[in-house]
Amino acid sequence: MVDLDFGFDSDSGSPRVTRLLPDAVHQAVRPGTAVVRLETTHDRRGVLDGVWWPRSRDIAAELPSLITALTEYLGPVTRVGLDTGAWEALPTRMTIDGRVVHLDSFPVGDGTVLITRGEKDLFSLLVVPPHATPDAARAAMAEAVRAGSGRQAEQILIDTGTGARPA
């Protein structure tokens, strides 16, 4: 499993990406920290390939660090499919690390983000809502990356208590 902790360097304000060992993720997952975990199996039999816990619903602030980290492990990301209702504003493309990434938005409401590598290779990530508690986020993350899991993102969010928006 690949665990990445996205934070910000307090001195410079610039993004920081730290690779975490799997057993260290429980101490590192905290509110205000965006985290992505990828299932590292060769067969990719599960419904989801990983999970992302962004810090906010501002895609312009959240997506660059995700794409930068994913590019290191997956190669160049060309497209990102996002749920229209889950984000504050969605542009049609963004330039990230000198590459144009096309953004597709759909009103699906299923709690996922779709990452396209190259021409057709698609990765599906569960998106844990920014308001999730650390315990609920950890539970959702563990289930999303469980090898061979057939559970859909929306059901994982419901079962772990992370699906509802705060009042």
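See the structure shown above.
Because the structure is predicted, anything quoted here is derived from the model rather than measured.

Asks: Just checking my understanding: could you explain the overall build of the chain for this structure?
Replies: When helices and strands are counted, the chain shows four helices and nine strands. Counting from the amino terminus, helix and strand elements in the chain follow one another as β-β-α-β-β-α-β-β-β-β-β-α-α. Taking all 167 residues of the chain together, 44% fall into the buried category. Restricting the contact set of the chain to residue pairs at least 6 apart, pairs at least 24 apart contribute 60%. Put simply, the chain shows about 8400 Å² of open surface, and 53% of that area lies on carbon and sulfur atoms.

Asks: Is there a simple way to think about the packing of aromatic side chains in this case?
Replies: Two numbers describe a pair of aromatic rings. These are the distance of the centres and the angle of the planes. Evaluation of the coordinates by the stated rule reveals one aromatic pair. On the basis of an interplanar angle of 25° and a centroid distance of 5.5 Å, the ring pair of W52 and W87 is categorised as stacked. In this pair, W52 is assigned in strand β4 (residues 50–53) and W87 in the loop between β5 (77–83) and β6 (93–96), connecting sequence segments 35 residues apart. With relative accessibility at 8%, the residue W87 sits in the buried group.

Asks: Mind showing me how you'd approach the pattern of salt bridges here?
Replies: Oppositely charged side chains may form a pair once their charged atoms are brought near each other. Applying the stated rule across the entire model yields six salt bridges. The salt bridge partner of D104 is R79, with a shortest N-O separation of 2.9 Å. Taken as a pair, D104 in strand β7 (residues 99–106) and R79 in strand β5 lie far apart in primary sequence, 25 residues in all. Among the residues examined, D104 registers a relative accessible area of 23% and is labelled partly exposed. R117 serves as the salt-bridge partner of D121, at 2.1 Å between the closest nitrogen and oxygen.

Asks: Honestly, the nonpolar core in this entry has me stumped. Any pointers?
Replies: Ranked by internal contacts, the top residues of the largest apolar core, which has 21 residues, are W52, L63, I67, V80, V113 and I115. Sorting the residues of this core by element identifies α2 (59–74), β5, β6, β7, β8 (112–117) and β9 (121–127) as the ones contributing at least two each. Per-element tally for this core: the top contributor is α2, with six residues. Grouped together as the second largest cluster of nonpolar side chains are 14 residues, V128, A137, V145 and A153 included.

Rules behind the numbers
Residues numbered from 1 in each chain as written. Predicted model: local features only at pLDDT ≥ 70, side-chain atom pairs only at ≥ 80, totals over all residues. Heavy atoms only, no water. Helix = DSSP H or I, 4+ residues; strand = E, 2+ residues; numbered from the N terminus. Buried < 20%, exposed > 50% of the residue type's maximum accessible area, 1.4 Å probe, protein only. Contact = heavy atoms within 4.5 Å. Areas by Shrake-Rupley, 256 points an atom, 1.4 Å probe, with all protein chains shown as cover. Phe/Tyr/Trp six-rings, centres within 6.5 Å; stacked < 30°, edge-to-face > 60°. Salt bridge = Lys/Arg side-chain N within 4 Å of Asp/Glu carboxyl O. Core = buried A, V, L, I, M, F, W, Y, C linked by side-chain atoms within 4.5 Å.

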